[in-house]
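Structure at a glance
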Amino acid sequence: MKQPSTDEIAALFDRYAPNYDRQIGWFERVVLGDARTWVIGHARGRVVEIAVGTGLNLPHYGTDVDHITGVDLSPRMLDIARRRATALGLTHADLRQGDVQALDLPDDSADTVVSTYTFCTIPDPERAAAEAFRVLVPGGRFVLAEHGPATALPARALQRLLQPLSLHFGADHLLRDPVRYLTTAGFVIDETHRTGRAGLTFRVLAHKPLP
């Protein structure tokens, strides 16, 4: 199955935007579990959130966060995220259109990079991980929640069967292991946990090593 391009993914999520919150909300409640609170609970200082989507993480940011830069391909997803930020009074949130595989941000400019359910869709997750590494200060954190290969063999077999449909209709890779993209980029893995039904959800805390 052909990997969708960034333009195709942007158009896809523009179409999905009006119903995205309801659909992903159901899937998280029933299958993936609540990982967003855990992820944002580790965010500190200047945060870059890759593929911010409709801003579902925004309500979880607390006083430990000084500034949020959220990047996404889809203008319609960002429209919803901006309305959410305004409703929450998040004047320190800058939500912008862009490609997380080529972030328009300086080196060593973020204290935390956040990713929730993004590596499954990004065309080149190795590039995205390398960009996250580049923009983080030495010692900065990468905090990630992602679905991936199930720990239960029957569920993993089902994922293999569903993968062509998932990729075609949702640009969604079901069998990517996000940890290997982080280690390839140079991150040190501090914690990794498997949660959700059949162990589908990865929770990963990593950091950019000091020189």
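**Observations regarding the layout of surface pockets**
Of the pockets and cavities examined, the largest pocket occupies roughly 1,100 Å³. Surrounding the largest pocket, 48 residues form its lining, Phe13, Tyr20, Ile24, Thr121 and Asp172 being those nearest its centre. Broken down by secondary-structure element, the contributors of at least two residues to the lining of the largest pocket are helix H1 (6-32) and helix H5 (153-170). Element by element, the count of residues in the lining of the largest pocket is highest for H1, at 11 residues. Classifying every residue of the lining of the largest pocket by side-chain character gives 26 nonpolar, 17 polar and 5 charged.

**Some words on unusual backbone geometry**
Excluding glycine, most residues fall at negative phi; most peptide bonds, likewise, are trans. Phi at Asp108 is positive, roughly 50°, even though this residue is not glycine. Its location among the elements puts Asp108 in the loop between strand S3 (93-97) and strand S4 (110-116). Classification of Asp108 as partly exposed rests on a relative accessible area of 38%. In this model, Ala198 sits at a positive phi of 60°, which is unusual for a non-glycine residue. Taking the relative accessible area as the measure of exposure, Ala198 reaches 30% and is therefore partly exposed.

**Thoughts on the sheet that holds strand S6 (residues 188-195)**
Judged by pairing direction, the sheet is mixed, and its 7 strands sit side by side in the order S3-S2-S1-S4-S5-S7-S6 without closing on themselves. In this open sheet, the two strands that pair with only one neighbour each are S3 and S6. With strand direction ignored, the average angle separating the axes of adjacent strands in the sheet is 15°. As paired strands, strand S2 (residues 65-72) and S3 are joined by 5 bridges and run parallel to one another. Paired with Gly70 across the bridge in S3 is Leu95.

**Side note on the packing of aromatic side chains**
Taken as a whole, this structure holds 7 aromatic pairs when the rule is applied. Each ring, one from Phe13 and one from Tyr16, has its centre 6.1 Å from the other, and the planes form 80°; the classification is edge-to-face. Here Phe13 and its partner Tyr16 are both found in helix H1, 3 residues apart, which amounts to about one turn of the helix. Among the residues examined, Phe13 registers a relative accessible area of 16% and is labelled buried. Taking the relative accessible area as the measure of exposure, Tyr16 reaches 28% and is therefore partly exposed. Linked through ring pairs, Phe119, Phe133, Phe142, Tyr181 and Phe187 together constitute an aromatic cluster. Just above the ring of Phe202 sits the side chain of Arg194; from NZ or CZ to the centre is 3.8 Å. Over the face of the ring belonging to Phe133 we find Lys208, whose NZ or CZ atom lies 5.0 Å from the ring centre.

What counts as what
- Residues numbered from 1 in each chain as written.
- Predicted model: local features only at pLDDT ≥ 70, side-chain atom pairs only at ≥ 80, totals over all residues.
- Heavy atoms only, no water.
- 1 Å grid on protein atoms, 1.4 Å probe; cavity = no way out; pocket = protein on both sides within 12 Å on 5 of 7 lines; lining within 4 Å.
- Points joined across faces, edges and corners; volume = space filled by probe spheres on them.
- Helix = DSSP H or I, 4+ residues; strand = E, 2+ residues; numbered from the N terminus.
- Nonpolar A, V, L, I, M, F, W, Y, C, P; charged D, E, K, R; others polar.
- Buried < 20%, exposed > 50% of the residue type's maximum accessible area, 1.4 Å probe, protein only.
- Pairing = 2+ DSSP bridges.
- Axes fitted to C-alpha atoms, helices over the stretch in contact; angles between N-to-C directions.
- Phe/Tyr/Trp six-rings, centres within 6.5 Å; stacked < 30°, edge-to-face > 60°.
- Lys NZ or Arg CZ within 6 Å of the ring centre and 35° of its normal.

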